[in-house]
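Here's the letter readout for the chains.
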Amino acid sequence: MKILFYCQHVLGIGHFFRSFEIAKALAPHNVLFVEGGHPFRDITSPPHIKRIFLPPLMMDEEFEKFNLEGEELARVQNERKEKLLRAYIEFSPDAVIIELFPFGRKKFSFELIPFLQQTKLNSKKPLVACSLRDILVEKKNRDSYESWVLRYINDFFDLLLIHADERIMRLDESFSRIDKISVPIFYTGFVARQPTRPITVNNHKKARKIVVSTGGGKVGSELIEAAIIALGEIKDSSITMDVYLGPFLDTQKKQKLEAMAGHDSRIQLKPFAVDFLEVLLQADVSISMAGYNTVMDLLNTGIYGILYPFRQNREQRLRAERLSQFGNFAIIEEPDPKLLRQEIEKALSQEQSEKVKQESQPINLRGAERTREIIEAELNRRNTSIN
């Protein structure tokens, strides 16, 4: 079986890593993974995945403008559209998975609508699935937005895959007209990344480690600053802090963080870690935002997390609040050094440090594997009905 997987990240890295985890779980089927954001070329692909890169397009923090404009933008858009269509025709997939669209990525309609139209021209139309995370970002004009989504999900798609545990998070909480979606809807469970190799957790180490991260780094530098200041107010040489800087961190902000960290030998600035689960399993406390992948990593490892949800929309806060009952989370309202110091000291207290890391969670974290099972079952059902 051949599967084409389209993924476009525009600001952070969460969409890419969740999609890539699903693509890895699609083995042994052949996957053509089409990427449209800043390329992560250093990530190792399993043998069943072939990656192709569209000319990169990213967006600003308000999700309003592309990083290109004018004639340059028009050229890149046309090049992307042609490359995507060519890849589809040459690969001739049995199934197509498109991440987020039409629930998001409307500004990429210039390539996705012609692409979806092409899938309907085949004598043997591929199975077309939408891959959707747990929570949608709220829209200003909800009625208009939902009407637009319904038009395209019902016209071009064959099924909707929601990567959440429906007992905890349901799509109708952020999409009111779910009853108007005519294609089958499947809740796969949450997609949680798995370690790339066996990891040994040292539960007897004397030193205590704090890990600070902000995903892609385009937002959240104020949280790192606050964490550095907070550690400076804790006079304990056994506590260390590793700060992982995202690949999209602004140069000036990076220089400021380097200057701040240079005053405390307990702090190390490190490049973005692809295998973040391994990093977490060597830590006692994580300080981060509340993106999908980060929260899943914390649930998967049982590490105590101090979470600062992205404030532009309700998505991260809702996720952190809803899932806090299943993990060891503290949620902070502001990246305030005094507040962070209190939370760090609380997390590293004797009571918290002796808390056993959880090996399993009472929620469904098999979203990647379940996605493969659903795709296989739907294609088998199709083939059976044809024969």
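Residues numbered from 1 in each chain as written. Predicted model: local features only at pLDDT ≥ 70, side-chain atom pairs only at ≥ 80, totals over all residues. Heavy atoms only, no water.

Overview of the overall build of the protein
The condition is simple: In this text, helices come from DSSP runs of H or I with a minimum length of four residues, and strands from runs of E with a minimum of two, each type numbered from the N-terminal end. The globule rule is 2.2 Å times the number of residues to the power 0.38, and the radius of gyration it is compared with is taken over C-alpha atoms. Note on contacts: a residue pair qualifies if any of its non-hydrogen atoms lie within 4.5 Å across the two residues. Surface accessibility follows the Shrake-Rupley procedure with a 1.4 Å probe radius. Residue values consider only the protein chains on display as shielding. By the counting rule applied here, Lys and Arg register as positive and Asp and Glu as negative, while His and the ends of each chain are not counted. Charge placement uses NZ in Lys and CZ in Arg. For Asp and Glu, CG and CD serve respectively.
When helices and strands are counted, the protein shows 12 helices and 13 strands. Against the compact-globule benchmark of 21 Å for 387 residues, the protein has a radius of gyration of 22 Å, which places it among compact chains. Structurally, the protein occupies a C-alpha span of about 70 × 50 × 45 Å along its principal axes. Put simply, of all contacts in the protein between residues at least 6 apart along the chain, 76% involve residues at least 24 apart. Carbon and sulfur atoms form 48% of the exposed surface of the protein, whose accessible area is close to 17600 Å². Treating the 55 positive side-chain charges of the protein as one cloud and the 53 negative ones as another, the clouds have centres 3 Å apart.

Examining the environment of Met 59
As for its position among the elements, Met 59 is in the loop between strand 3 (49–53) and helix 2 (70–91). A C-alpha to C-alpha distance of 6.0 Å links Met 59 and Leu 11, two positions 48 residues apart in sequence. Sequence-distant contacts of Met 59, defined by excluding residues within four places in its chain, comprise Val 10, Leu 11, Glu 64, Lys 65, Phe 66, Lys 107, Phe 108 and Lys 218.

Some thoughts on the sheet that holds strand 4 (residues 95–99)
Rule in force here: Only strands joined by at least two bridges in the DSSP assignment are considered to pair. Each axis is a line fitted through C-alpha atoms, and for a helix only the stretch in contact is used; angles between axes span 0 to 180 degrees, taken between their N-to-C directions.
Across the sheet, which stays open at both edges, the seven strands sit in the order 3-2-1-4-5-6-7 with parallel pairing between neighbours. Of all the strands in the sheet, just strand 3 and strand 7 (185–187) have a single pairing partner and so form its edges. Strand after strand, the sheet turns through a mean of 20° between neighbouring axes, direction not considered. The pairing of strand 1 (residues 2–7) with strand 2 (residues 30–35) spans six bridges and is classified as parallel. In the sheet register, Ile 3 faces strand 2, and the bridge partner there is Val 31. Against the sheet, helix 2 touches strand 1, strand 2, strand 3 and strand 4, its axis set at about 165° to strand 1.

Some points on the side chain of Thr 294
Put simply, the test is: Summary of the burial criterion: residues with accessible area below 20% of their type's maximum are buried, those above 50% are exposed, and those between are partly exposed, where the area comes from a 1.4 Å probe applied to protein chains only.
Mapped onto the elements, Thr 294 comes out in helix 8 (residues 292–301). Among the residues examined, Thr 294 registers a relative accessible area of 17% and is labelled buried. Those residues in contact with Thr 294 that lie beyond four places of it in its chain are Ser 288 and Met 289.

Digging into the sheet that holds strand 11 (residues 285–288)
Spatial ordering of the open sheet is given by 10-9-8-11-12-13, a layout of six strands whose pairing is parallel. Each having just a single partner strand, strand 10 (267–271) and strand 13 (329–331) make up the two edges of the open sheet. Put simply, the sheet's adjacent strands are angled 20° from each other on average, direction ignored. Relative to strand 10, strand 9 (residues 239–245) is paired through five bridges, and the arrangement is parallel. Residue pairing across strands places Tyr 244 opposite Lys 270, the latter belonging to strand 10. Each of strand 8 (208–213), strand 9, strand 10 and strand 11 touches helix 5 (residues 221–232); the most contacted strand, strand 9, lies at about 165° to it. Contacts from helix 6 (residues 251–261) reach strand 9 and strand 10, with the element oriented near 150° to strand 10.

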